[in-house]
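The chain contents come next:
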Amino acid sequence: MTNTNGYHIAVVGATGAVGQKMIETLEGRNLPIAKLSLLASKRSVGKTVSFKGEDIQIEEATPEAFEGVDIALFSAGGSISKQLAPEAVKRGAVVVDNTSAFRMDPEVPLVVPEVNAGDLLNHNGIIANPNCSTIQMVVALEPLREAFGLNRVIVSTYQAVSGAGTVAVDELKEQSQAFLNDEDYTPEVLPVKGDKNHYPIAFNALPQIDVFQDNGYTFEEMKMINETKKIMHMPSLAVAATCVRLPFFTSHAESVYVELEDDNVNVDQLKALLQDAPGVVLEDDPDTQTYPTPLSAEGKRDVFVGRIRKDLDNANGFHLWVVSDNLLKGAAWNSVQIAEKLIEKNCLSK
Ligand code: NAP
Ligand code: 12T
């Protein structure tokens, strides 16, 4: 599609789980788009995707495909980003990268607009979109940090299979059918497509997301730990994480334990803060059994918080339940929101 006014946007990984949500999110927003380029692997060339009633052909992601592009949204895996993001920048594009390729690079801002939009002012062409589980947690933590200070965070996650791409979604569907039909099946994707062993996800829980590191934590856990410190500008914040995959399709849920600096805070104060916090919807009422769930958060852009309780032993400790659509705020929406902020803050040139 071509218009005279607006920006030339490219989506890299346009046929994937995240890429599809990026296209849908762009469709629902008013960001001025003059041209939309949809890029994927050679395998997808010839396919078309509908955008605002028009069929757009998928093109192969090559360095030349970025000629004239203003903003490139990348979600085709880390190796594609490492290869092609610099090529896009060389041709004048600003890249919003959804992979872990550049997140911990000190030259690259790692941005959640509700928390650190100011970091967009200093970029060298690439802005990193954080890990999905990290994004929803810091949106809920930032208002607490600002009002009462943060000492420690301990999080356990309950993550949806769509985080691992369309192959993982298909695996859960097929395995669930087979399990209920008493048929044999061979796990081939989860916990991690490229790892040595695969385990059933249907009717199971897998305490491994992404590959193991030398310290016994998985890479997903280390992403949550390191990215939280970077986004919140708190290098010495104590953070620990346990990341678990569960057999549902969309939205990650998290049980978050926080210790505030202030030890004179009550639950009502936290509720009042989160009620007004940007990007947060408070759903918390034990009397009416009100709390968010992965299904209730699906398709929405907000981060939902409930089950807020004071720890029974530590005066500065609180427990929260945080749920958000991993493909929206966790990926596509956060990236499009960054693109909108770049335009709003006039930060498209380096
Ligand atoms: P997916 O459903 O498997 O889709 C992968 C996409 O990458 C497809 O569009 C695929 O195109 C494209 N691709 C693969 N190889 C390519 C190549 N050689 N050249 C160009 N395009 C290629 O995966 P997904 O769940 O959308 O995730 C994609 C990436 O986004 C992940 O690898 C991860 O790095 C990132 N991600 C980030 C978050 C987050 O936390 N923010 C969450 C999920 C994913 P074809 O259809 O042509 O193969
Ligand atoms: N392996 O881009 O499997 O940091 O759920 C996000 C989600 C990597 C990422 C997952 C992953 C990322 C997953």
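Further up the page is the structure itself.
Asker: Just give me the short version of the site of ligand 1, but keep the residues and values in it.
Answerer: Close to ligand 1 lie 26 residues; Thr15, Ser41, Ser44, Asn98 and Cys132 are nearest. Residue valine 18 places a main-chain N or O atom 2.9 Å away from an oxygen atom belonging to ligand 1. Within the backbone of glycine 77, an N or O atom sits 3.5 Å from an oxygen atom of ligand 1. In isolation ligand 1 has 910 Å² of accessible area, and contact with the protein removes 76% of it. Classifying every residue of the shell around ligand 1 gives 9 nonpolar, 15 polar and 2 charged.

Asker: Quick rundown of a nonpolar patch on the surface? Include the residues and the values.
Answerer: A grouping of Phe179, Leu180 and Phe203 is seen on the molecular surface, where their side chains present a nonpolar patch of about 350 Å² in accessible area. The residue phenylalanine 179 is located in helix H5 (residues 166–180) in this model.

Asker: Explain the site of ligand 2 to me, using residue names and the numbers behind them.
Answerer: Around ligand 2, the neighbouring residues are Asn98, Arg103, Asn131, Cys132, Gly163, Ala164, Ile209, Asp210, Glu220, Lys223 and Arg245. The backbone of glycine 163 places a nitrogen or oxygen atom 3.3 Å from an oxygen atom of ligand 2. Here an oxygen atom of ligand 2 and a side-chain polar atom of lysine 223 are 2.8 Å apart. Coverage of ligand 2 by the protein chains reaches 79% of its 320 Å² of free accessible surface. Partitioning the shell around ligand 2 into residue classes produces 3 nonpolar, 3 polar and 5 charged.

Asker: Describe unusual backbone geometry, naming the residues involved and giving the relevant values.
Answerer: For the peptide bond that leads from leucine 190 to proline 191, omega is 10°, which places it in the cis range. Note on placement: proline 191 falls in the loop between H5 and helix H6 (219–231). A positive phi angle, close to 60°, is found at aspartate 182, a residue other than glycine. Checked against the element boundaries, aspartate 182 lands in the loop between H5 and H6. If you check the backbone angles, aspartate 210 has positive phi at about 70° while not being a glycine. Structurally, aspartate 210 can be placed in the loop between H5 and H6. Of the residues examined, aspartate 210 reaches a relative accessible area of 24% and is grouped as partly exposed.

Asker: Residue-level account of the sheet that holds strand E8 (residues 150–159), with values.
Answerer: Strand order across the open sheet formed by 6 strands is E9-E8-E10-E13-E12-E11, with mixed pairing between neighbours. Two strands bound the open sheet, and with one partner strand each, they are strand E9 (238–245) and strand E11 (280–282). Mean inter-strand twist for the sheet, computed between neighbouring axes without regard to direction, equals 25°. In terms of strand pairing, strand E10 (residues 252–260) meets strand E13 (residues 317–324) through 8 bridges, oriented antiparallel. Following the sheet pairing, glutamate 254 is matched in E13 by valine 322. The sheet strands contacting helix H4 (residues 132–148) are E8, E10, E11, strand E12 (303–310) and E13, and the helix crosses E10 at an angle near 25°.

Asker: I'd like to hear about the environment of aspartate 311, residue by residue, with values.
Answerer: If you trace the backbone, aspartate 311 turns up in the loop between E12 and E13. Aspartate 311 sits in the buried class, given a relative accessible area of 18%. Along the chain, aspartate 311 and valine 258 lie 53 residues apart, while their C-alpha atoms are 9.2 Å from each other. Here aspartate 311 is in contact with Tyr257, Gly317, Phe318 and His319, once residues within four sequence places are set aside. At a separation of 3.0 Å, a polar atom in the side chain of aspartate 311 contacts the main-chain amide nitrogen of aspartate 313. At a separation of 2.8 Å, a polar atom in the side chain of aspartate 311 contacts the side chain of histidine 319.

Asker: Provide a residue-level description of the side chain of glutamate 259, including the pertinent values.
Answerer: Mapped onto the elements of the fold, glutamate 259 is located in strand E10. Among the polar contacts listed, one links the side chain of glutamate 259 to the side chain of tyrosine 257, at a separation of 2.7 Å. Here the side chain of glutamate 259 touches asparagine 314 through a polar contact of 3.0 Å, side chain to side chain. If sequence neighbours within four positions are ignored, glutamate 259 has contacts with Leu150, Asn151, Arg152, Asn314, Asn316 and Gly317.

Asker: Can you tell me about the sheet that holds strand E2 (residues 33–40), naming the residues and giving the values?
Answerer: The strand order E3-E4-E2-E1-E5-E6-E7 describes an open sheet built from 7 strands, whose pairing is mixed. A strand with exactly one partner marks an edge of an open sheet, and here the two such strands are strand E3 (48–51) and strand E7 (126–128). With direction set aside, neighbouring strand axes in the sheet form an average angle of 25°. Across the sheet, helix H2 (residues 78–90) is in contact with strand E1 (7–12), strand E5 (71–74), strand E6 (94–97) and E7; its angle to E5 comes to roughly 175°.

The rules we used
- Residues numbered from 1 in each chain as written.
- Chains lettered and ligands numbered in written order.
- Predicted model: local features only at pLDDT ≥ 70, side-chain atom pairs only at ≥ 80, totals over all residues.
- Heavy atoms only, no water.
- Near = heavy atom within 4 Å.
- Polar contact = N/O pair within 3.5 Å; in protein donor to acceptor, adjacent residues only side chain to side chain.
- Areas by Shrake-Rupley, 256 points an atom, 1.4 Å probe, with all protein chains shown as cover.
- Nonpolar A, V, L, I, M, F, W, Y, C, P; charged D, E, K, R; others polar.
- Patch = residues over 30% accessible without salt bridge, like charges linked within 9 Å, V, L, I, M, F, W, Y side chains within 5 Å.
- Salt bridge = Lys/Arg side-chain N within 4 Å of Asp/Glu carboxyl O.
- Helix = DSSP H or I, 4+ residues; strand = E, 2+ residues; numbered from the N terminus.
- Buried < 20%, exposed > 50% of the residue type's maximum accessible area, 1.4 Å probe, protein only.
- Pairing = 2+ DSSP bridges.
- Axes fitted to C-alpha atoms, helices over the stretch in contact; angles between N-to-C directions.
- Contact = heavy atoms within 4.5 Å.

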